[in-house]
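Residues per chain are reported as follows:
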Amino acid sequence: MDLDVYLGAIVGGDTAAFGLWLAYAERTVRDSLRSFAAVVDVESVLQEAMLRVWQVAPRFIADGRPNGLLRLAIRIARNLAVSELRKTRSRPVEAADLEAALAEDEPPVAAPDPMLRRAIAECREKLPAKPREAFDARLTSAGGTDDDDLAQSIGMRLNTFLQNFTRARKLLADCLKKRGVVVDAELGA
Amino acid sequence: MTPEEEDLLIEQVASAWRPGTDDELRYHKAWHDLDAAARVRAFDRARALRPIEAAADPDGLSTTARAVLARIRR
């Protein structure tokens with residue numbers, strides 16, 4: 001899929017269109033940062049990079065190849081990660097690795113899975129009360145509240161909240177596996 | 001640090017929450033307490049969680065995507 005189908009609306013300031021683009025682009029850009037994971041906070045870099053993509057999108061000029069905005073996002077994200085490395089004087093990523101990622105003409109794009117949506121809803125329903133409360137609190141906060149405050153908001157201590165979230169994550173992984181859904185190993189770890 | 005304590009830190013770092021700022025990139029405070037291997041595990045855990053979050057969201061958005069959109073709309 002060529003995500004540049006959303007480009008016109010994004011350039012026009014349509015945040016909903018940018019949300020659709022994000023839903024498809026996030027994983028690819030995140031994966032492009034994996035080699036930095038030990039030395040920079042990838043979540044922080046990823047969010048900042050996506051914000052910058054939104055800011056520069058009105059000046060973006062397509063080169064005629066698919067997924068131009070996605071390729072730009074990968075470049076912004078990796079440049080930001082390299083800049084962070086320089087600040088912290090950490091061990092740099094191999095230059096060849098960086099160039100190989102940037103040279104990709106058509107990065108893979110993973111689509112959200114409608115079957116997974118149904119399986120998640122069913123497995124979520126089966127979670128015990130406390131783990132579900134912790135899991136739902138994280139989802140509802142949408143990255144806007146830290147775990148300390150989330151824990152307080154549902155009357156838990158931080159460690160209890162995190163233990164319940166962990167339990168929810170593992171139970172979801174088990175439930176999804178039983179339904180034949182292939183999940184990342186780390187989901188159930 | 002015990003493995004259990006480390007795992008709770010990984011769980012925090014794997015969330016999409018990051019300290020709020022409009023002009024500077026801020027790390028999760030727990031990230032600094034993790035060694036290299038644990039940071040990679042936090043990356044992998046976030047990578048595993050986001051599709052689950054997106055599948056549970058009515059608009060198909062992960063908490064990362066929601067956090068980015070919130071900053072744009074701020």
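Residues numbered from 1 in each chain as written. Chains lettered and ligands numbered in written order. Predicted model: local features only at pLDDT ≥ 70, side-chain atom pairs only at ≥ 80, totals over all residues.

### Side note on the overall build of chain B
For chain B, the count of helices and strands is three helices and zero strands. For chain B, the sequential pattern of α-helices and β-strands runs α-α-α. Counting only C-alpha atoms, chain B reaches 40 × 30 × 15 Å along its principal axes. Each of the 74 residues in chain B was classed as buried or not, and the buried ones make up 55%. A separation threshold of at least 6 residues defines the contact pool for chain B, and within that pool the share at least 24 residues apart is 46%. (Helix = DSSP H or I, 4+ residues; strand = E, 2+ residues; numbered from the N terminus. Buried ≥ 20, exposed ≤ 12 C-beta atoms within 10 Å, placed from the backbone. Contact = placed C-beta atoms within 7 Å.)

### Focus: the overall build of chain A
Check the secondary structure of chain A and you find nine helices and zero strands. Ordered by position from the N terminus, the helices and strands of chain A form the series α-α-α-α-α-α-α-α-α. Across chain A, the fraction of contacts at a sequence separation of at least 24, relative to all contacts at a separation of at least 6, is 63%.

### A short note on helix α2 (residues 15-32) of chain A
All names here are of chain A. Its 18 residues give α2 an end-to-end C-alpha distance of 24 Å, which sits within 8% of 26 Å, the value for a rise of 1.5 Å per residue. When the local axis directions of α2 are compared, the greatest deviation, roughly 45 degrees, occurs at Ala 25. Every buried residue of α2 is accounted for by Phe 18, Trp 21, Leu 22, Ala 23, Ala 25, Glu 26, Arg 27, Val 29, Arg 30 and Ser 32. (Expected span 1.5 Å × (residues − 1). Bend = angle between axes of the 7 residues up to and from the residue.)

### Observations regarding unusual backbone geometry
All names here are of chain A. Despite not being glycine, Asn 67 shows a phi value in the positive range, around 55 degrees. Mapped onto the elements of the fold, Asn 67 is located in the loop between α3 (42-56) and α4 (68-88). Positioned with a positive phi, Ala 142 is a non-glycine residue whose angle comes to about 55 degrees. Tracing the chain through its elements places Ala 142 in the loop between α7 (129-141) and α8 (147-153).

### Things to note about the environment of Lys177(A)
All names here are of chain A. Here Lys 177 shows up in helix α9 (residues 158-178). Given 14 C-beta atoms within a 10 Å radius, Lys 177 is considered partly exposed. Each C-alpha atom of the pair Lys 177 and Gly 188 lies 9.7 Å from the other, and the pair is 11 residues apart in sequence.

### Quick notes on the interface of chain B and chain A
Counting from both sides, the interface comprises 45 residues of chain B and, opposite them, 45 residues of chain A. The element best represented in the side of chain B that touches chain A is helix α2 (residues 36-56) of chain B, accounting for 18 residues. The residue makeup of the side of chain B that touches chain A, split by class, is 24 nonpolar, seven polar and 14 charged. (Nonpolar A, V, L, I, M, F, W, Y, C, P; charged D, E, K, R; others polar.)

### Thoughts on the domain arrangement of chain A
One can read the domain layout of chain A as domain 1 (3-102) and domain 2 (114-188). With centres defined by C-alpha atoms, the gap from domain 1 of chain A to domain 2 of chain A works out at 27 Å. (Domains from an automatic or database assignment.)

### Topic: the environment of Asp44(B)
On the secondary structure map, Asp44(B) appears in helix α2. Asp44(B) gets classed as partly exposed once you count the C-beta atoms within 10 Å, which come to 19. Separated by 22 residues in sequence, Asp44(B) and Arg66(B) have C-alpha atoms that sit 19 Å apart. Asp44(B) has contacts with Asp184(A) and Glu186(A), leaving out every residue within four places of it along the chain.

### Description of the nonpolar core
Counting residues in hydrophobic clusters, the biggest one holds 69 residues, and the most contacted among them are Leu22(A), Val45(A), Ala49(A), Ala73(A) and Ala77(A). It is α2(B) that contributes the most residues to this core, 10 residues altogether. Residue-level mapping places this core at the junction of two domains, with at least three residues from each of domain 1 (3-102) and domain 2 (114-188) of chain A. (Core = buried A, V, L, I, M, F, W, Y, C linked by C-beta atoms within 7 Å.)

### Focus: helix α6 (residues 114-125) of chain A
Residue and element names in this part refer to chain A. Taking 1.5 Å of rise per residue, the 12 residues of α6 would be expected to cover 16 Å, and the 17 Å separating its terminal C-alpha atoms lies within 8% of that figure. Of the residues making up α6, those classed as buried are Ala 119, Ile 120 and Cys 123. End-on, the buried residues of α6 take up no more than an arc of 105 degrees, which puts them together on one face. What points out from α6, more than 90 degrees from its buried face, is the exposed set Pro 114, Arg 118, Ala 121, Glu 122 and Glu 125. (Arc of directions from axis to C-beta.)

### Looking at the packing of α7(A) against α9(A)
Residue and element names in this part refer to chain A. Direction vectors running N to C along α7 and α9 enclose 95 degrees, while the axes themselves pass 7 Å from each other. In this view, α7 runs roughly perpendicular relative to α9, as classed from their interaxial angle. Along the contact surface, α7 presents Lys 130, Pro 131, Arg 132, Glu 133, Ala 134, Phe 135 and Arg 138, while α9 presents Phe 161, Asn 164, Phe 165, Arg 167, Ala 168 and Leu 171. Residues belonging to the contact of α7 with α9 are distributed by class as follows: seven nonpolar, one polar and five charged. (Axes fitted to C-alpha atoms, helices over the stretch in contact; angles between N-to-C directions. Parallel < 35°, antiparallel > 145°, perpendicular 65-115°, else oblique.)

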